[in-house]
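# Topology and contacts: notes
Each chain, written out:
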Amino acid sequence: MPERSGPGFRRRVGPPSRRARVALLTLGVLAVLFLLFVMFAGFWTDWLWFRSVRYSSVFTTQLWTKIGLFAVFGLLMAVIVGFNIWLAHRLRPPLSAMSVEQQSLDRYRAGLAPFKRWALIGVSLVIGLVAGAAASGQWRTWLMWTNSTSFGEKDSQFGMDVSFYAFDLPFYEFVLGFAFSAVIVSLLTSALVHYLYGGLRLQGPGRRASAGAQGHLAVLLGVFVLLKAVAYWLDRYALAVKTGGYKGVSGWTGLRYVDANAFLPAKTILFFVAIICAVLFFLTPVRRTWAPALIGLGLMVLSAVLIGGLYPAIVQQFQVKPNEQAKETPYIQKNIDATRQAYGIADAQTTPYSPQGSTSAEALKPDAQTVADIRLLDPNIVSPAFQSLEQQRNYYAFPNTLDVDRYGTGSGKQDTVIGLRELDLNGVQRNWINDHFKYTHGYGAVVAKGNQIDDKGQPVFTESGLPATGALGDYEQRIYYGEKTTSYSIVGGSNKEIDYTDTKSGQNVEYTYTGDSGVSLDNPLTRAAYAVRFAEPQILYAGAITDGAKVIYNRTPKERVEKVAPWLSIDADPYPVVQDGRVVWVVDGYTTSDGFPFSSKTTLGTATKDSLTNQRGELLAVANQVNYIRNSVKATVDAYTGEVKLYQWDEQDPVLKTWMKAFPGTVEPKADIPQSLLPHLRYPQDMFKVQRDLLGQYHVTDANSFFNGSDIWQVPVDPTSDTKQVQPPYYVTVRMPDAASASFSLTSTFVPNQRPNLAAFMAVDSDPGPDYGKIRILKMTGEGGAPGPGLVQSKFNSRQEVANQIYALKNGDTELEYGNLLTLPVGGGLLNVEPVYVRGRGAKYPTMQKVLAVYGDDNVAFENTLEEALKKVFSGAPPAVTPPAPSTPGTGGTTPTSPATPAPTGQATPAPGGTISPELQKALSDAEKAYNDSQTAFKNGDWVAYGNAQKALGDALKAAEAARGGGAPAAPTGTATPPATGSGSPSPQP
């Protein structure tokens, strides 16, 4: 294109037209208004959400705390910096020396002169805004300091309460850091002003600094050195929470010998040296010379190098290393004691255990319930089976990992696998109306027995169908809040949502939400705010939004709890519970701190990672590295209303008490936990994984043994997974050798460092009650101990008869999936059980076809059913079926008895002068039936039925005892009559 120039072309120059100026101004104003509305929309919708869940105090407390910190520290920084800039200008010399340097600066001084006041205000405000924004992020530190609660424990070095390190020291360090920032910024800006106005010169004859500039800067340097003295003093206490590597202990925290005997005195000496140096700087304006202050500063730096660096190195090299064990042992013991206390493992009970290679009927007898409740249904594998068998509609789905809970009472109580049928929008035609108005919720819970599989290898459901029916009774089945529900929905008003499609009529069963959850959209301003929040302009004008409509969002249980309790770290695995006609999610919350003196720190993300992490989700943690943790809160989220409740679970936790003072009324007392919910509460997995990670080293309580490092355990790699990650813990019902009966527990295993054999078995009681949270560890004894999970898996695969069957199962296009490898202490030995699932080509889900079992070294079985596998590994030695008699008052326990003449069938012998009540007659009839059932199950080799019959027999005998007013009940036919003394000879074998 030819250039447009020449005599005939006149380029238009000059200011834009009035119309253009108005258009540009309008666009600018609209852009600013839009940005302001976006900011307002975020604030306004957050406030509406907190108000809708009745936790508005959490929002206001955070807001006012952030505003207060922003205003106070921002204003303080602006005033300090502004005052120093003003003072530097005030102290400028009246005449600037003539030099090339000053002539160049004259132009800047002349240009700045008309705007000096505005420049001062602008610079101060900008610096204040930055400082205020940084300070507002410290709202947790401020609230913990102002609401601190005493731990009632003092550290072993300084005698300070632990609350000083957890709550006070972090705030003091924050204030000190702010003061350092204020002085440094003031020093830099003041030096710049002095230079600009001639108070400081780099060229020319005479003094380089005027008297005013010298005095001003000397005082600022003196304040800086004085703050350094305060830092040295606080550093003394910070040694108790200092982290550093030591003998392979990751996250080692606390003082060592060199810290206590070199660094600690060095910090004290440097504190006084810094005080003296600061005084010399303060005297500089009087003496009119820098020499003393600079000499003092040089001496302080030299002292820091020699006293704070070289001296500790000499102590370490010539005092500690020649006799390290003797020097370090006292400090190792402090670390051991503090770490075990801070992580709640101080009361962990370690018992030597010598697993036997074979067992007997009498040895197996106490573990009948453990064997009967062996979980065959792996919640990490059967989700596809739930999906295929119970999805019912394409727009429903189950989580990848299901949950384990307990349902039923008495002898009917058993471990179950439960999953909720949640909404899955991938199964519908995607559009805005379907996504947010029509398909809004899931429907129903599906429950299966944990210890049973049907003849097709499929789960045995106790609650199934759509709508769901079964053992759970009537309950509100609509799931508006769940782990897979991540998008917003607009409900209520005249909106008709889809429950499900009726298979008979083919019509949609519709429903209108009546819960009190959500934020009303009746206000146009609110609709506009949510249109901005969700980037969806249709919210502004859509006719589908009628009067009474509400928007629900933040719908995952973890998300809701974390938002209303931002001071909690949240367990990665919320689980559903059906109770009192409702479905609620139970979420475990942790209070954490990184300020427990001498307690080693751990990284939560690392400690809680295992082979199922990607399936269960990541740990949501407020703090990353911690050295104190408590499962202090049990939270619930109603799956229909979204209502969030926080319950105080650990009533002694000072961190929780501190947050309860900061956010009063948000946490309800432990006594308010519904009684129907208590039986479903369990020990949380992430807490357990943190504890087992620490117990790998801190099971050693003797400092000398700890120093030698010869007894380190590690969690074994999961042999059933290809992730190469550690084995996850498993919920099972198990009786530990020192316990009277089996209980719902969370279990794991340990292997020695870099070795495959089993080092220990760990279980924590997960049933709420007096033993809840009790950690029991069985430490293997003997040369070889027992095989670890990796060796057990190898033992399975190396047996020729097993290998042949596995090869046959894999023949063709079928795939094998190994279920959870459970290790259980049974009959004086260790029983390992692993269900094996087979997925054929084109099959949507795997079915359980085989059970692997091993007991001892040589007893290996690969059978079609658990009963057959157990019969083989136990060599046909079932437990004795004679039931344990209820304890006679005064005996304190159950004692096997000698045989006696049985009473007539279904009847009992009345006490002298008395009659048999109907309650007693029924209890004895139930006991006789349970006994006969156990005999039949034993003959058939049905261990599950046998264990259930044993539990039913125990319940019946307890009922009989209660009916007789506490006395020993008469025995049913075929049982032994308990002697009055509560003692006797062992029961005969059947």
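Please refer to the structure higher up on the page.
Scope of this entry: the structure provided in the associated data block. (Residues numbered from 1 in each chain as written. Predicted model: local features only at pLDDT ≥ 70, side-chain atom pairs only at ≥ 80, totals over all residues. Heavy atoms only, no water.)

Another aspect to go through is the overall build of the chain. Looking only at helices and strands, the chain has 27 helices and 35 strands in total. Looking at the chain residue by residue over its 990 residues, the buried ones come to 51%. Put simply, 70% of the contacts in the chain that link residues at least 6 apart link residues at least 24 apart. Within the structure as shown, the chain displays about 43600 Å² of accessible surface, and the carbon and sulfur contribution to it stands at 57%. (Helix = DSSP H or I, 4+ residues; strand = E, 2+ residues; numbered from the N terminus. Buried < 20%, exposed > 50% of the residue type's maximum accessible area, 1.4 Å probe, protein only. Contact = heavy atoms within 4.5 Å. Areas by Shrake-Rupley, 256 points an atom, 1.4 Å probe, with all protein chains shown as cover.)

Taken as a whole and judged by the stated rule, the model has 24 salt bridges. Linking Glu390 and Arg421 is a salt bridge whose minimum nitrogen-to-oxygen distance equals 3.2 Å. Taken together, the positions of Glu390 in helix 13 (residues 383-390) and Arg421 in the loop between strand 4 (414-420) and strand 5 (422-423) put the pair 31 residues apart, joining distant regions of the chain. Judged on exposure class, the residue Glu390 and its partner Arg421 are both buried. For Glu476, the salt bridge identified is with Arg478, shortest N-O distance 3.1 Å. Look at Glu476 and you get buried, because its relative accessible area is 19%. Among the charged side chains, a network of salt bridges with common partners joins Asp46, Arg533 and Lys563. (Salt bridge = Lys/Arg side-chain N within 4 Å of Asp/Glu carboxyl O.)

Strands sit in the order 3-4-7-8-9 across an open sheet of five strands; the sheet is antiparallel. Taken across any chain shown, the strands that pair with only one partner, and hence form the sheet edges, are strand 3 (403-407) and strand 9 (469-470). Note that strand 8 (residues 459-464) and strand 9 share two bridges and pair antiparallel. Opposite Ser464, over in strand 9, you have Thr469 as the bridge partner. In the packing of helix 13 onto the sheet, contacts are made with strand 4, strand 7 (445-453) and strand 8, and the angle to strand 8 comes to roughly 55°. (Pairing = 2+ DSSP bridges. Axes fitted to C-alpha atoms, helices over the stretch in contact; angles between N-to-C directions.)

Right, let's get into the pairing of strand 35 (residues 859-863). Among the five residues that make up strand 35, four are buried, leaving the element largely enclosed by the rest of the structure. Relative to strand 35, strand 34 (residues 847-855) is paired through five bridges, and the arrangement is antiparallel. Of the residues in strand 35, the one forming a bridge with Val854 is Val860. The hairpin turn running from strand 34 into strand 35, its antiparallel successor, is three residues long, and Gly856 in that turn takes a positive phi close to 75°.

Turning next to the nonpolar core. Within soluble globular proteins, side chains that are nonpolar generally end up buried alongside one another. Counting residues in hydrophobic clusters, the biggest one holds 150 residues, and the most contacted among them are Trp567, Leu646 and Trp659. Apart from the residues lying within four places of it in its own chain, the contact partners of Trp659 are Trp139, Arg140, Leu143, Met144, Trp567 and Thr591. Core analysis: the next-biggest nonpolar cluster, separate from the first, contains 33 residues, Val417, Val732, Leu822 and Val873 among them. (Core = buried A, V, L, I, M, F, W, Y, C linked by side-chain atoms within 4.5 Å.)

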